[in-house]
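# Coordinate analysis (summary)
Spelled out, the chains give:
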Amino acid sequence: MSLLGSLLGGGGQAGGSDLVSVAGQLIQQAGGVQGLAGMLHQGGLGEAVQSWVGNGANQAVSGDQLNQALQSGGLGSVLQEAAGKLGMDQGQLSGALAQVLPHVVDHLTPGGQVPAQGQGGGFDLGSLAGLAGKLFG
């Protein structure tokens, strides 16, 4: 079983699509990829976010680091609500998102560039539909 699968308690692709949806929701609430990147940069994760956007390997972050950056960026309530819906605590969700979010950001920035505000800021969640299959298949 993959690391992501074990994080989801063996939930596989179905649980994975929920997690990708939560990542998409966070991006929407942050004002798009650009907003999320700025928020995470301010939260001390700038170098990691640049690696997610760029064409090289994605730098890992811990669930605690991600949770702290999202909380300080005002997205704590989104995390709390999503954790409740998925039946896990916020720490578990943050840990799982730390595994998924780099792939989501990478997927949404294929040219190594963050879309400008207004260009993909209101991206279509459907653009992430195939990503869960790739990550959790």
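Above this text you will find the structure in question.
Here goes a summary of the coordinates provided. Quick caveat, the model's predicted, so the values are computed rather than measured.

Before going further, it helps to spend a moment on the pattern of salt bridges. If you walk through the whole model with that rule in mind, you get 1 salt bridge. Lys-85 is the salt-bridge partner of Glu-81, the closest N and O atoms lying 3.2 Å from each other. You can see Glu-81 and its partner Lys-85 sitting in helix 5 (residues 76–86), 4 residues apart, about one turn around the helix. With a relative accessible area of 46%, Glu-81 lands in the partly exposed category.

Ranked by internal contacts, the top residues of the largest apolar core, which has 36 residues, are Leu-40, Leu-66, Leu-70, Leu-93, Leu-97 and Leu-101. Taken together, the elements giving at least two residues each to this core come down to helix 2 (12–29), helix 3 (33–53), helix 4 (63–72), helix 5 and helix 6 (90–108). Considering every element that reaches this core, the biggest residue donor is helix 3, with 10 residues. Non-local contacts of Leu-70, meaning those with residues more than four positions away in its chain, are made with Leu-26, Leu-36, Met-39, Leu-40, Leu-75, Gly-76 and Leu-79.

Taken together, the buried positions of helix 5 are occupied by Gly-76, Val-78, Leu-79, Ala-82 and Ala-83. Projection of helix 5 onto a plane perpendicular to its axis shows the buried side chains occupying an angular sector of 160°, all on one side. Relative to its buried face, helix 5 has exposed residues pointing more than 90 degrees away, namely Gln-80, Gly-84 and Lys-85. Just beyond helix 5, the residue with positive phi is Gly-87, at close to 70°.

Bringing the packing of helix 4 against helix 6 into the picture now. Close contact between helix 4 and helix 6 brings their axes to 8 Å; oriented N to C, the two are set at 100°. Judged by the angle between their axes, helix 4 and helix 6 are roughly perpendicular. Contact with helix 4, carried on its side by Gly-63, Leu-66, Asn-67 and Gln-71, involves Gln-90, Ser-94, Gly-95, Leu-97, Ala-98 and Leu-101 of helix 6 and no other residues of that element. When its residues are assigned to classes, the contact of helix 4 with helix 6 shows 4 nonpolar, 6 polar and no charged.

Now for the environment of Ser-51. Among the secondary structure elements, Ser-51 is positioned in helix 3. Through-space distance from the C-alpha of Ser-51 to that of Asp-106 is 8.5 Å; in sequence the pair is 55 residues apart. Here Ser-51 is in contact with Gly-56, Ala-57, Asn-58 and Gln-59, once residues within four sequence places are set aside. Only 2.6 Å separates the side chain of Ser-51 from the backbone oxygen of Ala-48, close enough to count as a polar contact.

Quick look at the side chain of Thr-109 now. Following the sequence through the fold, Thr-109 ends up in the loop between helix 6 and helix 7 (129–136). Accessibility expressed as a relative area gives 1% for Thr-109, which makes it buried. If sequence neighbours within four positions are ignored, Thr-109 has contacts with Val-33, Trp-52, Val-53, Val-114 and Pro-115.

What counts, and at which threshold
Throughout, residues of each chain are indexed from 1 in the direction in which the sequence is written. With the structure being a predicted model, the display of local features is reserved for residues of pLDDT at least 70 and the display and counting of side-chain atom pairs for 80 or more, all residues being used for whole-chain, interface and lining totals. Side-chain figures throughout are based on the complete set of non-hydrogen atoms in the structure, without hydrogens or water. When a carboxyl oxygen of Asp or Glu is within 4 Å of a side-chain nitrogen of Lys or Arg, the pair counts as a salt bridge. Going along the chain from the N terminus, every DSSP run of H or I of four or more residues is numbered as a helix, and every run of E of two or more is numbered as a strand. Throughout, exposure labels follow a simple rule: accessible area from a 1.4 Å probe, protein chains only, divided by the maximum for the residue type, with under 20% read as buried, over 50% as exposed, and the rest as partly exposed. We call a set of buried Ala, Val, Leu, Ile, Met, Phe, Trp, Tyr and Cys residues a nonpolar core when their side-chain atoms join them within 4.5 Å. Residues are treated as being in contact if the distance between any of their heavy atoms lies within 4.5 Å. The arc in question is the one spanned by the directions pointing from the helix axis to the C-beta atoms. Orientation is described by axes fitted as lines to C-alpha atoms, over the contacting stretch for helices, and by angles from 0 to 180 degrees between their N-to-C directions. Roughly parallel means an angle under 35 degrees; roughly antiparallel means over 145; roughly perpendicular covers 65 to 115; every other angle is labelled oblique. Residue polarity follows a fixed list, in which Ala, Val, Leu, Ile, Met, Phe, Trp, Tyr, Cys and Pro are nonpolar, Asp, Glu, Lys and Arg are charged, and the others, Gly among them, are polar. Polar contacts, as used here, are pairs of N or O atoms within 3.5 Å; protein pairs need one atom able to donate a hydrogen and one able to accept it. Residues neighboring in sequence count only if both atoms are side-chain atoms.

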